[in-house]
Amino acid sequence: MKILLNTLLMLILISCMGKVRGVQTKVNDGFSVTSSTTTTTTLPEIGEAHDPEMFISSIGMKTYSSLNKTMSNLTGIDIDNTEVKAAFNELKSSLPNSNQLQKYNASTQKAVALLAATYCDELVKGPAAGLTTIVPGISMNSLDPEAVAEGFVRNFWGVEAEEFQNDAIKEFGDTNKEIISTAGLTNRIKFEKVVFSTCLGTLSSLPIWIL
Amino acid sequence: MSNKLTKLEKHLIKQELERLRKEDKFQYDFIREHDKMYSRRDFMGLSLLGGYSMLALPGILSILPSRLNAQDMDAKCGSTDSNAANPFAGNIHLELAGGACLGSAFIPYTMNGGNLSNSGYAKFGYSPAIIPNSDNTSTEFGAGIHKESSFYKALMKTFQDNDIDPNTLKGKLQIITIIARSENDNANTESSCGNLIREITGAGKIADIVGTGRTVNGIRSRSAGNINKYSSSLISNNPSSVSGLVELGVIADRLSKDEAEKILKAAEKMSARRLASFKKQTISDQLKTLIECGYYKANKTVFGNDLSTISSAGDPIYTGIFGAADFQKAAITKLVLKGNARSGGIVLSGYDYHNGQTTGTTSGHTKRFEAGTLVAKIVSAAVKESASLTMQVTTDGSASCRGGNVTGNVTNGILTGAGFYANRVEDASVGMELKIVYHPNGFKEEFTSHQIGGYTESGSINLSANAISNNQTTKSIAMAANYLNMHGKIDQLDAVCKKLGLTNPFSDKNILNSVLVVKEHA
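Residues numbered from 1 in each chain as written. Chains lettered and ligands numbered in written order. Predicted model: local features only at pLDDT ≥ 70, side-chain atom pairs only at ≥ 80, totals over all residues. Heavy atoms only, no water.

Visitor: Can you explain the confidence of the model for chain A? Please cite residues and give values.
Guide: Per-residue confidence for chain A gives a mean pLDDT of 76; residues scoring 70 or more make up 73%. Within the model, the stretch residues 7-54 of chain A combines pLDDT values under 50 with 91 contacts to residues more than four positions away or in other chains. (pLDDT = per-residue confidence, 0-100. Contact = heavy atoms within 4.5 Å.)

So, in structure tokens, the structure goes:
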């Protein structure tokens, strides 16, 4: 009887699916990035019947506190780290205070980038163990920008489509090869620049703050 | 368009199904069990195919031009050049927190422009010795203002301090009194039109709204309309609050400007790619543009502007007017006048002065001198920048007088308020707000009125005078309507309201005309 009821319930749900669409939500609040699926009602297309300026979205952005936690979990830098705390308090008013994408603007993006930069700066300064968790086998003397990009992209953007991740690895890898092509840089400086900029690029991008 | 799928579309559908099989089992199983699909519409309905382009699949994007060039992006997102001309008047909302009595400076009139009774004037502080008349009232800036009032003396002194002859402002600077009731605490009142102004002008070159408060609106009171649509940036008295809008902070410690630009542009590019992969049903084109422009403008403002063109620090116009110590108000003024922000909010506190004092720093005279000084400083900056400006001066509630001490107060070496009674009672019935407009070219027509609404002869707000007398939200929309009229765009009021989820209360022309006093600028 119970099985029959469950089957009936499933059938009812499936019959309703013509009006709902699966929307992926991502939770990357830690190194073990998980993915879950929720359903939302189909949102109307913008057409003549709608205000052309209407903003429609079934996705949102993380608020300042969940963004802070996400960056902390991904980089392994404590949320109470002195530098992070100071930066967060200074940037808080410019970071998103609601999930509504409508409030996103250039100031928001700037604040996201500056908070990400603080975490990345601490990651570069911090114990090597934190970094090797993200980029296993990373070495100052045999630095491979693409391998560094692979570590950050796979760990930070693990829920994204494989092809997109591969494109990102190439993009960040190539950019960093260009950055360290300047003559006269020591291995340490090259290492710090590549780690910092890859971390900054991945941590300030849309896959991190979208909800 | 043929209903038959192209080879590329078939390929895209196959790829999307493969992606779903790996990443979204639930959706994949649902599609498999779905009735057989035949047309392009069937596939689009299941999000297997994008509506207008092949944006659905990130991998495919790599073979398509993924970004518009800088010129196209500037056209799409708006200029970020801090020196570019600003086609709109900068807007500053000055909030006098506590309940100021502006009627103790600006002359209150009845609906028809008639005088109040002596007891009515007494409520605003005018003793029989100084009852407003043509000799003691100045109308050089539009609204009648009592020459003995501290506000008037502050205006004149500040213009003089900044080498501005008040005669040169005639016809260009117009002050209008708004007779509308507000309650004693307007923290939750929609008495600001900041969002409406932002909606009219489009995004600021660097920020939308800037203010002295750490609030959505930059001030205490709320903006009419969807308050979450736009956010404000806090400007403190620390120059870093402005430099932070365009500087790289910790990024500059690790990377050169050129290196930072490269990596942040890579982040911008990948974010745009990810954004493009969202289906139309998930996120509207407008929001996609908003986010795309957010990245583009963040990078453009950081890498395309010199801080000296944005910050008031070290700018002789602003340090000369405001002094180096008052960075906060100078910075907000410059950001707004240059169009780097669209609306600014400044809160002055201590206007809860129903204490009966006629002297000292907390007296009504002193506080109104402070407010008048700030208004004149902001106007002086607009004059020196040849920039147009609109201001709202609001307060929460008001304070009336009940006779008593008429001793004047010496503020900054100037005797002010001689003959005025002291403010003794919290009293919203004597409320008054100001709308101030300045345009360097003046206005096409003479203003026919400098007061919206009016008082009864006994000195209380006539609450049935018009649509805004007892409704702060409607009043804010009326302020936006006057802003639109100043720019010759009053026909856009309906659309602007709609965008913020408001109903235009002035669709009837007669109702609109009862609150429209600002003329189109020359």
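Visitor: Outline empty space enclosed by the protein, listing residues and values.
Guide: For the coordinates displayed, the defined rule picks out seven cavities of 30 Å³ or more. Estimated volume of the second largest cavity: approximately 110 Å³. Going through the elements one at a time, helix H4 (106-125) of chain A together with helix H11 (257-277) and helix H12 (285-304) of chain B are the ones with two or more residues in the lining of the second largest cavity. In the lining of the second largest cavity, the residues fall into nine nonpolar, three polar and one charged. (1 Å grid on protein atoms, 1.4 Å probe; cavity = no way out; pocket = protein on both sides within 12 Å on 5 of 7 lines; lining within 4 Å. Points joined across faces, edges and corners; volume = space filled by probe spheres on them. Helix = DSSP H or I, 4+ residues; strand = E, 2+ residues; numbered from the N terminus. Nonpolar A, V, L, I, M, F, W, Y, C, P; charged D, E, K, R; others polar.)

Visitor: Tell me about the environment of Ile179(A), residues and numbers included.
Guide: Structurally, Ile179(A) is set in helix H7 (residues 162-179). Residues Ile179(A) and Pro145(A), spaced 34 residues apart in sequence, show a C-alpha to C-alpha distance of 10.0 Å. Sequence-distant contacts of Ile179(A), that is, excluding residues within four places in its chain, are made with Leu185(A), Lys193(A), Ser197(A), Glu259(B), Lys262(B) and Ile263(B).

Visitor: Account for the sheet that holds strand S1 (residues 90-96) of chain B, naming residues and giving values.
Guide: Residues and elements named next belong to chain B. If you walk across this open sheet you meet the eight strands as S6-S5-S7-S1-S8-S13-S4-S14, and the pairing is mixed. Two strands bound the open sheet, and with one partner strand each, they are strand S6 (232-234) and strand S14 (451-452). Contacts from helix H15 (residues 364-385) reach S1, strand S4 (173-178), strand S7 (343-348), strand S8 (389-395) and strand S13 (433-438), with the element oriented near 170° to S8. (Pairing = 2+ DSSP bridges. Axes fitted to C-alpha atoms, helices over the stretch in contact; angles between N-to-C directions.)

Visitor: Now, about the state of the cysteines: what can you tell me, with residues and values included?
Guide: All names here are of chain A. By the definition in use, this model includes one disulfide over all chains. Covalently, Cys 120 is tied to Cys 199 through a disulfide, its sulfur atoms 2.0 Å apart. For the disulfide bridge between Cys 120 and Cys 199, the dihedral angle about the S-S bond is near -80°, and by the sign convention the bridge is left-handed. Linking Cys 120 in helix H4 with Cys 199 in helix H8 (residues 187-203), this pair joins segments that are 79 residues apart in sequence. Comparing Cys 120 with Cys 199 shows no difference in burial state: the two are buried. (Disulfide = S-S within 2.5 Å. Buried < 20%, exposed > 50% of the residue type's maximum accessible area, 1.4 Å probe, protein only.)

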